[in-house]
Amino acid sequence: MQHIHRPKKDSKLSTEPLIHESSHIINSYAGEWTSIGPYNKIIESKIGDYTYTMDDVTVNYSEIGKFTNIASHVCINPVQHPMDRVTQHHMTYRRIDYGFAETDDEDVFNWRRSNRVMIGHDVWIGHGAIIMKGVTIGTGAVVGSGSVVAKDVEPYQIVVGVPAKPIRARFPQNTVEKLLKIAWWDWPRKVLEERFYELNHIESFIEKYGE
Ligand SMILES: CC(C)(COP(=O)(O)OP(=O)(O)OC[C@H]1O[C@@H](n2cnc3c(N)ncnc32)[C@H](O)[C@@H]1OP(=O)(O)O)[C@@H](O)C(=O)NCCC(=O)NCCS
């Protein structure tokens, strides 16, 4: 995984992360074949191999697995303000910017850091979805467009709505267990190339690689 901070000039996917020049990235890492679309804001997060984001995506304090698909206008971990202070205004912790002190209130930032969102492999997050603090989304899950996910999502579940609730699973439980065991997302690139077309057929795939 590479430390990502500055835009890469060419526009082709490669083993180096491809980051649109309009995106703002702070202290984050991304793997091979990753792509960060236009006008993204990514703070202190890790993005696994092959995962991509479309435009206007926000990712704060999160870990995202491999082969995950993040649509436009998704927000992962919108940060919380301290509600128990006299004021919720960010001047109480962004003290430097407002000239109130020479240090910021790191406790607030550490509290945000402690509420990481964890997203598995091969997840599809639909247009405009919001994933709230501390949530874990299992591998293979789907989040419908416009959903607000406030609770954990089991692997291979499809969730929709506000708040997001499961509507069904992508596959029967037996297949899900086999997929999680096969863990094709961890196959080396060469193996993936050899077996690439087999990814299109779930029954024969499970029959061949599931024990
Ligand atoms: C979640 C999703 C994958 C479900 O697709 P599907 O299995 O074909 O689901 P259906 O269209 O049959 O809908 C099933 C039920 O969920 C509801 N539903 C579907 N998507 C919904 C959503 N995003 N929010 C709220 N409800 C939704 C439907 O109204 C239907 O409800 P009903 O059973 O009460 O009639 C799809 O609706 C979706 O949101 N896709 C994301 C598209 C997107 O954002 N793409 C961005 C480009 S990557």
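Coordinates for the structure precede this section.
Predicted model, so just to flag it, every value in this text is computed and none were measured.

Calculation criteria
Residues numbered from 1 in each chain as written. Predicted model: local features only at pLDDT ≥ 70, side-chain atom pairs only at ≥ 80, totals over all residues. Heavy atoms only, no water. Near = heavy atom within 4 Å. Polar contact = N/O pair within 3.5 Å; in protein donor to acceptor, adjacent residues only side chain to side chain. Areas by Shrake-Rupley, 256 points an atom, 1.4 Å probe, with all protein chains shown as cover. Helix = DSSP H or I, 4+ residues; strand = E, 2+ residues; numbered from the N terminus. Nonpolar A, V, L, I, M, F, W, Y, C, P; charged D, E, K, R; others polar. Buried < 20%, exposed > 50% of the residue type's maximum accessible area, 1.4 Å probe, protein only. Arc of directions from axis to C-beta. Salt bridge = Lys/Arg side-chain N within 4 Å of Asp/Glu carboxyl O. Core = buried A, V, L, I, M, F, W, Y, C linked by side-chain atoms within 4.5 Å. Contact = heavy atoms within 4.5 Å. Pairing = 2+ DSSP bridges.

### Some points on the site of the ligand
Thought 1: Around the ligand lies a shell formed by Ala71, Trp124, Gly126, His127, Val142, Gly144, Ser145, Ile158, Val160, Gly161, Ile167 and Arg168.
Thought 2: Within the backbone of His127, an N or O atom sits 2.7 Å from an oxygen atom of the ligand.
Thought 3: Within the contact set of the ligand, an oxygen atom lies 2.5 Å away from a side-chain nitrogen or oxygen of Arg168.
Thought 4: For the ligand, the protein covers 43% of the area, taking 920 Å² as the surface of the free molecule.
Thought 5: Mapped onto the shell around the ligand, the elements with two or more residues apiece are strand 19 (157-160) and strand 20 (165-169).
Thought 6: Partitioning the shell around the ligand into residue classes produces 6 nonpolar, 5 polar and 1 charged.

### Overview of helix 1 (residues 106-113)
Every α-helical turn comprises 3.6 residues, leaving residues that sit three or four positions apart pointing alike.
Thought 1: All of the buried residues along helix 1 are Val108, Phe109 and Arg112. The buried side chains of helix 1 occupy one side of the element, clustering within an arc of 95 degrees when seen end-on.
Thought 2: Here helix 1 starts with a cap whose side-chain oxygen sits 3.1 Å from the backbone nitrogen of Asp107, and that cap is Asp105.

### Regarding the pattern of salt bridges
Thought 1: Enumeration according to the criterion identifies 10 salt bridges in this entry.
Thought 2: Residue Arg113 is joined to Glu106 by a salt bridge in which the shortest nitrogen-to-oxygen separation is 3.6 Å.
Thought 3: Accessibility expressed as a relative area gives 27% for Arg113, which makes it partly exposed.
Thought 4: Through salt bridges with shared partners, one network takes in Glu44, Glu106 and Arg113.

### Section: the nonpolar core
Thought 1: Core analysis: the biggest nonpolar cluster contains 28 residues, and Ile76, Ile119, Ile125, Ile131, Ile137, Val143 and Val149 have the highest contact counts within it.
Thought 2: When near neighbours in sequence (up to four residues on either side) are disregarded, Val143 contacts Trp124, Ile125, Gly126, Ala129, Ile131, Ile137, Val149 and Val159.
Thought 3: Residues Tyr156, Ile182, Ala183 and Trp187 belong to the second largest nonpolar core, which totals 14 residues.

### Quick word on the side chain of Asn60
Thought 1: Along the chain, Asn60 falls in strand 9 (residues 58-60).
Thought 2: Assessed through its relative accessible area of 6%, Asn60 is described here as buried.
Thought 3: With sequence-adjacent residues up to four places away left out, Asn60 is seen in contact with Ile43, Ser45, Ile76, Asn77, Pro78 and Val79.

### Side note on the environment of Ala164
Thought 1: Inspection of the secondary structure puts Ala164 in the loop between strand 19 and strand 20.
Thought 2: Using a relative accessible area of 17% as the deciding quantity, one classes Ala164 as buried.
Thought 3: Along the sequence, Ala164 and Val143 sit 21 residues apart, while their C-alpha atoms lie 7.9 Å from each other.
Thought 4: Ignoring any residue separated from it by four or fewer positions in sequence, one finds Ala164 in contact with Ser147, Val148, Val149 and Val159.

### Describing the sheet that holds strand 17 (residues 142-143)
Thought 1: Strand order in this open sheet of 8 strands is 2-5-8-11-14-17-19-20, and the pairing throughout is mixed. Both edges of this open sheet fall to strand 2 (18-19) and strand 20, since each of them pairs with a single strand only.
Thought 2: Direction of pairing for strand 11 (residues 69-70) relative to strand 14 (residues 124-125): parallel, over a ladder of 2 bridges. By the bridge assignment, Ile70 is partnered in strand 14 with Ile125.

### Examining the pairing of strand 20
Thought 1: With 0 of 5 residues buried, strand 20 lies mostly on the surface of the structure.
Thought 2: For strand 19 and strand 20, the ladder comprises 4 bridges, and the chain directions are antiparallel. Following the sheet pairing, Gln157 is matched in strand 20 by Ala169.
Thought 3: Taking the residues between adjacent antiparallel strands as the criterion, strand 19 and strand 20 are bridged by 4 residues, where Gly161 takes a positive phi near 100 degrees.

Geometric values such as these leave the question of function open.
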